[in-house]
Amino acid sequence: MQTSPNAKTNTQTKAQTPLSKIYFLNMQITDAMTLCGEMLEKYALVCEKDGDICATIYAAQSQNGTKENQARFSEFVAWCKGFFGANVLFGDCLDSIALERLKAQNLMCATAESCTGGLLAYHFTRNAGASAVFLGGVVSYDNSIKQEILGVRESSLQDFGAVSEKVVSEMLHGVIDRFGAQVALASSGIAGPSGGSAQKPVGCVFLGVQKCGEKPLIEQYFFTGTREQIQEQSCQKALEMLLKII
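These lines cover the structure that appears in this document, whether it is placed above or below.

### Let's talk about the packing of helix α2 (residues 29-42) against helix α3 (residues 66-84)
Thought 1: Following both chains from N to C, one finds α2 and α3 inclined at 135 degrees, their axes separated by 11 Å at the closest point. For the element pair α2 / α3, the angle class is oblique. Between α2 and α3 the crossing geometry is right-handed. Contact residues: α2 offers A32, L35, C36, M39 and L40, while α3 offers F76, W79, C80, F83 and F84.
Thought 2: Taken together, the residues of the contact of α2 with α3 break down into ten nonpolar, no polar and no charged.

Encoded structure:
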C-alpha cells in the first residue's frame, strides 16, 4: 500500500485522537495521499488510508495541545480545498457530508432501492435533521413494485433485466416524479450469495443518481464480499456518486 511520506502504522496512530476523515473523489486515494505528503509533514499531520476514497487525519505530535493541532489541521484543510477543489471533502461520514451539501443547495432527495433494501435511505435518516432534505424512498425489491410504483416499463425488465442501466434510469425518473424530488438515487443489483450469472455475477450492481431536469449518472460496479458487505459498498459508492453531482 502506498502512503504519504509521513504516514504512520496502525499502532502509532490508533492511540491518538483522529482530527477528521478526508474523502478524495475522482482520483486514486494513494495518489492523493502522496500529493499531500509534503503538506502533511509541514503541518505535523499523518494520514491513514481507511478505504477506497477515505483516510483519517491524525496529529503527528500527540504531546501538543488540542488548539495547536486544530490550528495546523485548519491550515491543511485550507490548502487541500485550494489544491483539490471540489474533489476533497472533510467530515465524519459521506452521508452527513451529503446532507450538508443538499441543505446548502436547498435540494430535496429521494431513493429507489432494490438490492440495498432500504439501507441507502437509512444512511440518510440515521443523521439528525435528515428531514430537512430527505423526502423518503421506495424499496422496489419485486419487479411488480418497480412497475406499479416507479413506472418501470415491463419491456425494459424483459429486454434488459432488473439489474441494468435501463431499469435504474427508469427507477430514477419514477422516484423523482412520484416524490417531486430534485435529486434521486437508485440501486439494482445482485447482493448474493446466490442469484448471479456469468453475465451478471454476485456483486454486480448498477447505481444511479440524477438531478431533476438533468441526465442521470449511472455506473456499474462489481463488488466482492458478503451480502451485507456488497450492500454497504453499494451505499457508499452511491453517496460518492451523489457528491459528484451536487
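### Regarding the sheet that holds strand β3 (residues 54-59)
Thought 1: Spatially, the four strands line up as an open sheet ordered β2-β3-β1-β4, and their pairing is antiparallel. The sheet terminates laterally at β2 (45-49) and β4 (88-91), the two strands that pair on one side only. Ignoring which end each strand starts from, the neighbouring axes of this sheet average 30 degrees apart.
Thought 2: Sheet topology note: the β2/β3 ladder contains five bridges and is antiparallel. The residue of β3 that forms the bridge with C47 is I57.

### Description of the sheet that holds strand β7 (residues 183-189)
Thought 1: Pairing is mixed in the open sheet, where five strands are placed in the order β6-β5-β7-β8-β9. Two strands bound the open sheet, and with one partner strand each, they are β6 (134-139) and β9 (217-222). Averaged over all neighbouring strand pairs, the angle between strand axes comes to 15 degrees, with direction disregarded.
Thought 2: Pairing of β7 with strand β8 (residues 204-211) involves seven bridges; the strand directions are antiparallel. Paired with V183 across the bridge in β8 is K211.

### What about the pairing of β4?
The two faces of the sheet receive side chains in turn, since in a regular strand these alternate between them.
Thought 1: In β4, alternate side chains face the same way, and those of V88 and F90 on one face and L89 and G91 on the other are all buried.
Thought 2: Where strand β1 (residues 18-24) and β4 come together, four bridges link them in antiparallel fashion. Within β4, the residue paired with K21 across the bridge is G91.

### Description of α3
Thought 1: The end-to-end C-alpha separation of α3 is 26 Å, in line with the 27 Å expected for 19 residues at 1.5 Å each.
Thought 2: Restricting attention to buried positions, one finds in α3 the residues N69, R72, F73, F76, V77, C80 and F84. Burial along α3 is one-sided: seen end-on, the buried residues are contained in an arc of 150 degrees. In α3, those exposed residues whose orientation departs by more than 90 degrees from the buried face are K67, A78, K81 and G82.
Thought 3: Of the surrounding secondary structure, the elements contacted by the buried residues of α3 are β1, α2, β2, β3 and β4.

What counts as what
Residues numbered from 1 in each chain as written. Predicted model: local features only at pLDDT ≥ 70, side-chain atom pairs only at ≥ 80, totals over all residues. Heavy atoms only, no water. Axes fitted to C-alpha atoms, helices over the stretch in contact; angles between N-to-C directions. Helix = DSSP H or I, 4+ residues; strand = E, 2+ residues; numbered from the N terminus. Parallel < 35°, antiparallel > 145°, perpendicular 65-115°, else oblique. Left-handed = near helix turned anticlockwise from the far one by under 90°. Contact = heavy atoms within 4.5 Å. Nonpolar A, V, L, I, M, F, W, Y, C, P; charged D, E, K, R; others polar. Pairing = 2+ DSSP bridges. Buried < 20%, exposed > 50% of the residue type's maximum accessible area, 1.4 Å probe, protein only. Expected span 1.5 Å × (residues − 1). Arc of directions from axis to C-beta.

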